[in-house]
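# Observations on the three-dimensional arrangement
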Amino acid sequence: AEVVAEGKSGVGFFVILDGTARVTRGGEELGTLSAGDYFGEMALIDGGRRSATVTADSDLDVLTMSSWTFKGFVQENPTVAWALLGTMAERMRETSVR
């Protein structure tokens, strides 16, 4: 089942507690997420649409955070903000044309 869909608006941030999910963009598989991985931050940070589709490959237990809670949480936790920046930079490098 799709958890988030590419091109749709986003109001949640997700941390995977258990299970696996597949990430695709334009039908092309970008990777797999599992416990400890997270997704949904880009749409919350820039207010844009979802940049990829995330589909559960198994039963998926996730911790969710609304956009209004996410913003305050990141502002109050600089180490979280730094980790998010690192992940976003990594994702941008992986998807840029080489």
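Just above, that's the structure.
Report on the accompanying structure.

Reading the values: the criteria
- Residues numbered from 1 in each chain as written.
- Predicted model: local features only at pLDDT ≥ 70, side-chain atom pairs only at ≥ 80, totals over all residues.
- Heavy atoms only, no water.
- Helix = DSSP H or I, 4+ residues; strand = E, 2+ residues; numbered from the N terminus.
- Rg over C-alpha atoms; globule rule 2.2 N^0.38 Å.
- Buried < 20%, exposed > 50% of the residue type's maximum accessible area, 1.4 Å probe, protein only.
- Contact = heavy atoms within 4.5 Å.
- Areas by Shrake-Rupley, 256 points an atom, 1.4 Å probe, with all protein chains shown as cover.
- Lys, Arg positive; Asp, Glu negative; His and termini not counted.
- Charge placed at Lys NZ, Arg CZ, Asp CG, Glu CD.
- Pairing = 2+ DSSP bridges.
- Axes fitted to C-alpha atoms, helices over the stretch in contact; angles between N-to-C directions.
- Salt bridge = Lys/Arg side-chain N within 4 Å of Asp/Glu carboxyl O.
- Phe/Tyr/Trp six-rings, centres within 6.5 Å; stacked < 30°, edge-to-face > 60°.

### Some thoughts on the overall build of the chain
- A count of helices and strands for the chain gives 3 helices and 7 strands.
- Counting helices and strands in the order they occur from the N terminus, the chain gives β-β-β-β-β-α-β-β-α-α.
- At 13 Å, the chain has a C-alpha radius of gyration in line with the 13 Å of a compact globule built from 98 residues.
- Along the first, second and third principal axes, the C-alpha set of the chain runs to 35 × 35 × 25 Å.
- When each of the 98 residues of the chain is scored for burial, the buried share is 32%.
- Residue pairs in contact within the chain that sit at least 24 positions apart in sequence constitute 70% of those at least 6 positions apart.
- About 6300 Å² of surface is accessible on the chain, with carbon and sulfur atoms providing 54% of the total.
- Side-chain charges in the chain split into 9 positive and 14 negative, and the spacing between the mean points of these groups amounts to 9 Å.

### A word on the sheet that holds strand E4 (residues 28-33)
- As summarised here, the arrangement of the 4 strands in space is E1-E6-E3-E4, forming an open sheet in which the pairing is antiparallel. Only two strands of the sheet have a single neighbouring strand rather than two, namely strand E1 (2-4) and E4. The sheet shows a mean angle of 30° between the axes of neighbouring strands, direction not considered.
- With 5 bridges joining them, strand E3 (residues 21-25) and E4 adopt antiparallel strand pairing. Bridge pairing in E4 places Ala21 opposite Leu33.

### Section: the pattern of salt bridges
- Evaluation of the coordinates by the stated rule reveals 1 salt bridge.
- In this structure, Arg22 and Asp57 form a salt bridge, with 3.2 Å as the shortest nitrogen-oxygen distance. Placement of Arg22 in strand E3 and of Asp57 in the loop between strand E6 (53-56) and strand E7 (61-66) is noted, with a sequence separation of 35 residues between them.
- Here Asp57 falls in the partly exposed class, since its relative accessible area comes to 40%.

### Thoughts on the packing of aromatic side chains
- Under the counting rule described, the total for this entry stands at 3 aromatic pairs.
- Ring geometry for Phe13 against Tyr38: centres 5.6 Å apart, planes inclined by 50°, an arrangement best described as tilted. Of this pair, Phe13 sits in strand E2 (residues 12-18) while Tyr38 sits in strand E5 (residues 38-39), and the two are 25 residues apart along the sequence. For the residue pair Phe13 and Tyr38, the accessibility class agrees, reading buried in each case.
- Plain terms: the ring middles of Phe14 and Phe39 are 5.0 Å apart, the flat faces sit at 15° to each other, and that makes the pair stacked. Of the two residues, Phe14 is situated in strand E2 and Phe39 in strand E5; the sequence distance between them amounts to 25 residues.

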